Amino acid sequence: MKHLTRLALAGAVAVTGAAVSAQELYTPNLSYRTGPFAATGIPLMNGQADYMNMLNARDGGIGGVPVNFEECETGYSTEKGVECYERTKDKALVTQPWSTGITLQVLPKTNVDQIPILAPGYGFSPMSDGKTFQWAFNPPASYWDGMSMILQEVSGGDLSSLAGKKIAHLHLDHPYGKEPLPLLEAMGEQHGFEVLPIPVGISEMQNQSAQWLQIRRERPDYVIMWGWGAMNAGAITEAVKTRYPMDQFIGVWWSGHSDDLQLVGEDGAGYRAISWSLPNADAPVMQAIKEHVGDKSLADTEEQGEVFYGRGVVISAILAEGIRNAQAMTGNSEVTPSDLRDGLASLNFTQERIDELGLTGMMAPFATSCADHTGHSGGWMIRWDGSQFVQDSDLLSANRAAIEPLEAEKAAEYAASNAPWPMNEACEAM
Amino acid sequence: MLYRTAGQYKTTYRSDQALFPIRQDALLLGIILVLGWVVLPLTASEFVFQTLLIPVLIYALAATGLNLLTGYAGQLSLGTGAFMGVGAYACYKLVTIFPEMNLLISVLLSGVFSAGVGVMFGLPSLRIKGFYLAIATLAAQFFLVWLFEKWPWLYNYNASGAIQVPNVDMFGVWVAGPQATSTSQYYFVLIVVTVLTIVAINLTRGNMGRQWKAVRDMDIAAELIGINLLKTKLLAFAVSSYIIGVAGALFVFMWRGAAEPNLFDIELSFRVLFIAIIGGLGSILGNWLGAVLIVALPVILNTVPDWIGVDIKSATVEHINVMIIGALIVFFLIVEPHGLARLWQLIREKLIHWPFPY
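Since we're looking at a predicted model, the values are computed, not measured. (Residues numbered from 1 in each chain as written. Chains lettered and ligands numbered in written order. Predicted model: local features only at pLDDT ≥ 70, side-chain atom pairs only at ≥ 80, totals over all residues. Heavy atoms only, no water.)

What follows is about the overall build of chain B. For chain B, the helix and strand inventory stands at 14 helices and 4 strands. Considered along the principal axes of its C-alpha atoms, chain B spans approximately 70 × 60 × 45 Å. In chain B, buried positions account for 50% of the 358 residues. Total accessible area on chain B stands at roughly 17,000 Å², and carbon and sulfur atoms take up 70% of it. Between the mean site of the 20 positive side-chain charges and the mean site of the 17 negative ones, chain B shows a separation of 12 Å. (Helix = DSSP H or I, 4+ residues; strand = E, 2+ residues; numbered from the N terminus. Buried < 20%, exposed > 50% of the residue type's maximum accessible area, 1.4 Å probe, protein only. Areas by Shrake-Rupley, 256 points an atom, 1.4 Å probe, with all protein chains shown as cover. Lys, Arg positive; Asp, Glu negative; His and termini not counted. Charge placed at Lys NZ, Arg CZ, Asp CG, Glu CD.)

Let's shift gears to the pattern of salt bridges. Scanning all chains against the criterion turns up 28 salt bridges over all chains. Close ionic contact of Arg400 of chain A with Glu404 of chain A constitutes a salt bridge, the shortest N to O distance being 3.7 Å. Of this pair, Arg400 of chain A and Glu404 of chain A both sit in helix α17 (residues 400-417), 4 residues apart, which is roughly one turn of that helix. A relative accessible area of 14% means that Arg400 of chain A is categorised as buried. The class for Glu404 of chain A is partly exposed, based on a relative accessible area of 30%. Among the charged side chains, a salt-bridge network with shared partners connects Glu86, Lys89, Lys109 and Asp113 of chain A together with Glu46 of chain B. (Salt bridge = Lys/Arg side-chain N within 4 Å of Asp/Glu carboxyl O.)

Okay, the packing of helix α3 (residues 78-88) of chain A against helix α3 (residues 46-72) of chain B next. It is at 7 Å that the axes of α3 of chain A and α3 of chain B come closest, and there the two elements cross at 150°. Between α3 of chain A and α3 of chain B, the angle falls in the class roughly antiparallel. Here α3 of chain A contributes Glu79, Glu83, Glu86 and Arg87 of chain A to the contact with α3 of chain B, which in turn contributes Glu46, Phe47, Gln50, Thr51 and Tyr59 of chain B. A breakdown of the residues in the contact of α3 of chain A with α3 of chain B according to their chemical character gives 2 nonpolar, 2 polar and 5 charged. (Axes fitted to C-alpha atoms, helices over the stretch in contact; angles between N-to-C directions. Parallel < 35°, antiparallel > 145°, perpendicular 65-115°, else oblique. Contact = heavy atoms within 4.5 Å. Nonpolar A, V, L, I, M, F, W, Y, C, P; charged D, E, K, R; others polar.)

What follows covers the interface of chain B and chain A. With 36 residues of chain B in contact, the opposing surface of chain A contributes 36 residues. When the two sides are added together, the surface that chain B and chain A hide from each other amounts to roughly 3,200 Å², 53% of it contributed by carbon and sulfur. Broken down residue by residue, the surface that chain B buries against chain A is led by Gln164, Pro178 and Arg256 of chain B, which jointly contribute 18%. Along the contact surface separating chain B from chain A lie 5 salt bridges. (Buried area = accessible area lost by both parts, 1.4 Å probe.)

Pairs of aromatic rings are described using the distance from one ring centre to the other and the angle between the two planes. Residues and elements named next belong to chain B. Scanning the entire structure with this criterion turns up 38 aromatic pairs over all chains. On the numbers, 6.0 Å between centres and 40° between planes, the contact of Trp37 with Tyr187 is tilted. Within this pair, whereas Trp37 is found in helix α2 (residues 23-43), its partner Tyr187 is found in helix α7 (residues 182-205), the two being separated by 150 residues in sequence. Taking the relative accessible area as the measure of exposure, Trp37 reaches 29% and is therefore partly exposed. (Phe/Tyr/Trp six-rings, centres within 6.5 Å; stacked < 30°, edge-to-face > 60°.)

Attention now goes to the nonpolar core. Counting residues in each nonpolar core, the largest one holds 131 residues, and the members touching the most others are Leu151, Leu170, Trp228, Phe249, Trp254 and Tyr271 of chain A. Per element, the largest residue contribution to this core is 12 residues, and it comes from helix α14 (residues 307-330) of chain A. The residues that make up this core include at least three from each of domain 1 (26-141 + 280-303 + 310-371) and domain 2 (144-275 + 381-402) of chain A. Not counting residues up to four positions away in its chain, the partners in contact with Tyr271 of chain A are Met225, Ile236, Met246, Phe249, Gly251, Ser255, Leu261, Ile382, Arg383, Trp384 and Phe389 of chain A. Counting 91 residues, the second-largest nonpolar core is a separate cluster that includes Val56, Ala88, Tyr89 and Ile243 of chain B. (Core = buried A, V, L, I, M, F, W, Y, C linked by side-chain atoms within 4.5 Å. Domains from an automatic or database assignment.)

For the rest of this paragraph, the subject is the domain arrangement of chain A. Residue and element names in this part refer to chain A. Each assigned domain of chain A is listed with its residue range as follows: domain 1 (26-141 + 280-303 + 310-371) and domain 2 (144-275 + 381-402). Opposite the 22 residues of domain 1 that make contact, domain 2 presents 16 residues. Each partner contributes to the roughly 1,600 Å² buried at the junction of domain 1 and domain 2, and carbon and sulfur atoms together form 63% of this total. Contact with domain 2 buries area across many residues of domain 1, yet Phe37, Thr40 and Arg311 alone supply 32% of it, more than any other trio. Counting every contact that joins domain 1 to domain 2 gives 0 salt bridges. There are 7 residue pairs in polar contact (both at pLDDT 80 or more) connecting domain 1 and domain 2. Of all the secondary structure elements, the ones that give two or more residues to the side of domain 1 that touches domain 2 are α2 (38-59) and α4 (100-106). Looking at side-chain class alone, the side of domain 1 that touches domain 2 contains 14 nonpolar, 6 polar and 2 charged residues. (Polar contact = N/O pair within 3.5 Å; in protein donor to acceptor, adjacent residues only side chain to side chain.)

Have a look at this one:
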């Protein structure tokens, strides 16, 4: 009986609680704090949540409406991802799928359910084509942008200098890892360098001796890594073991996680990764998080200084800016998913705006449009100096002229295989 | 009381051997069928369709397929996930090569491909038994998933290596792909699953099922009484893989909408095997009970904290969920090692004698 009363009480509290906070911006996050990729997921999700909690504490939300940044745990499983998507889609303003597999599943449904997908720095590179993918956004840079920037850095800005060289693409054997291959192969053909794709199966992420034996035998001039979760640490320890020169080993932004490098410490010095975000403990926004979220943050001070936490903050800042734009455009403080889509398609992060938001030194300027859903902010090389990641280059930007035809081709292919697929004819072409 | 059998006399052998000799059983099934065919589709929300109804139907079908092989014919298999994959990829190829073909036909045809592959990997079962056979089917599991990754023709040279379900219509109604409504998908699955379940029940009650059981209980004795082991075992592999293949096609086309090769990994095989074992090997009903426990219960448990208004972090709920489901599996297997179907059978017998047990 006692239990029953308690249950009834809890129910009553829940009902009144819901009534009070009826006005909110519901932006669920399909998080993964459990499962094989939890180590990389937790700092990102902490950064995202802390930024939104800071806005709630400091400004009372966005435009006076509190943000409900609820998490739905997927453990990186696509099955759980669909469950979360179905559970949240009635009220959700946005889907943050956090996995290429879940993105691929949700992407075709966007035209029907009309909820924008926000996949910052991941997902399907051709999503950049806003005319085809009306509801999907992957700001500030796509995987193909990342690959193009890496190639420019290793070639010193002139890809023809790579002629005759050999570049290994060490990747997770998964849609995510295969994503940049078409671009890399096209570039190789055009500029005369050899591409050596080396897949790592999900079950062999932690034991890559076979792959590194191949690398030792083939002696590639550069190894480019598209790794995630346990694969990064596995690759970096193997690279140290086989004494592969660290300054010829470069990762994508998801392979630039401090914890993976701490395992090898000094031995990993010289490893680089491309990144569209930088950690900056002195940025005003980090101070605001310390002040307004403080102990309620799930992250400790060390984690807050890391690359992934900072990236989580930037991701939430992008979403918040999209909501603000939507509020400004409609004049309402409560927005609908389609308002938010328009908001995300008119992001304009100028340097002034970045400073105004307190994100100085954490991200590069970019702007999205109806036709361009990525923005292509460019990025920096970050280098592991033995104890932390430091900025290693000036802002690099992708060679868009080389990428755009490929993007248009793949987007058209996707639309054709999913016919009938509505196009946004109102946008002018890219 | 509820299950009073007094007065239900059988006057012919035919009626004595009916599927449901006790009237109450038939009534119960009737209620469940009405619920499944009429009440639930009218009342269910999108969430219920996509996370409870459709997956339970599909997993129950896959477990039925496995149960025919493992529970009835006694051949242990760990390759279920890969055979589901064969069905899914076959269906994908059929739909993209012959877009004008009726989807129902493609789904039913895709089972033929997995039946062929199943027979191929079933050949060793003539020489090896038990755990050794399990290892042979494990080879199928790893080989096929590897093939799904390495053979780009299977996924139409898609850059991401995944298959995406296109929009498919039947008689002017979208039944697969993003345009399809959950209700039409549910009915499509329900029709296929109902038909195949009836086939499975009748197979196990007929001559073929009896031969399977004889082989399971003692294959030398079965051979001595004139059962052809080669034919019987391979037929079990063929029928089982056919049903599993159809379940795989439904799994991707009617539910997931997209699939990458590692979806069909060993975890899926184990999941289906657990459903069959916890539900009860050698029982058709067990597959349904098992699917409800393994597939639907976690989803329902996930909504409980929200429903009673307790504020717990989503990750914590996930951890608690895993613990509860694990504890329940252990509990049920201690209470009744022969699975949920046997548990239901015991309850039913008790009910028949209640309130005057002797």
